[in-house]
Amino acid sequence: MDQDMVMRARVMLLSANVRVVRGGEGLWIYRTLTPVEPEVYGSKLAYVLVKASASPSVRDLPERRMALLEEAVAVAAALSPANPYRDKVLGMALAARRAELEGPSAS
């Protein structure tokens, strides 16, 4: 992992002054930091991935939405069972993936 990228991600995270950074910036930050400290940033990455899958920017891109949700499930499932956020984000990611698979007609 490029240490300059990790440092940049940490600075961006600290300067954001929010609990969870969302959008493209949040995806970049958490994708950069999760490999370095998965138990610290993995749950936030999974959360941001699920939120990104519902973004208007991917409304007409079902493959992209599913890719984001598959990544969210994989990241959440990789968290330690002792992680206090694992069950919540894994449940959210699995539910979002299930809803995506069922499609809009199931709503």
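Every chain is numbered on its own, with residues counted from 1 as its sequence reads. Only residues with pLDDT of 70 or above have their local features reported here, since the model is predicted, and side-chain atom pairs are shown and tallied only from 80 upward, although totals for entire chains, interfaces and linings are computed over all residues. Side-chain measures here rest on the full set of heavy atoms in the structure, leaving out hydrogens and waters.

**Digging into the environment of Asp60**
Move 1: Locating Asp60 in the fold gives a position in the loop between α3 (38-53) and α4 (62-78).
Move 2: We classify Asp60 as exposed; its relative accessible area is 67%.
Move 3: Between the alpha carbons of Asp60 and Glu39 there is a distance of 33 Å; along the sequence they are 21 residues apart. Labels follow the DSSP assignment, with helices taken as runs of H or I lasting at least four residues and strands as runs of E lasting at least two, numbered in each case from the N terminus. Think of it in three bands: residues with accessible area under 20% of the maximum for their type are buried, residues over 50% are exposed, and the middle band is partly exposed, with areas taken using a 1.4 Å probe on protein chains only.

**Section: the layout of surface pockets**
Move 1: Using only the protein atoms, space was sampled on a 1 Å grid; points where a 1.4 Å probe fits but cannot get out form cavities, open sets with protein on both sides within 12 Å along at least five of seven lines form pockets, and lining residues are those with an atom within 4 Å of a point. Grid points are joined across faces, edges and corners, and a volume is the space filled by probe spheres set on the points. Within this model, the largest pocket holds a volume of roughly 290 Å³.
Move 2: Considering the residues around the largest pocket, the lining is formed by Arg19, Val20, Glu39, Val40, Ser43, Lys44, Tyr47, Tyr85, Lys88, Val89 and Met92.
Move 3: Secondary-structure elements contributing two or more residues to the lining of the largest pocket are α3 and α5 (86-102).
Move 4: Ranked by residues supplied to the lining of the largest pocket, first place goes to α3 with five residues.

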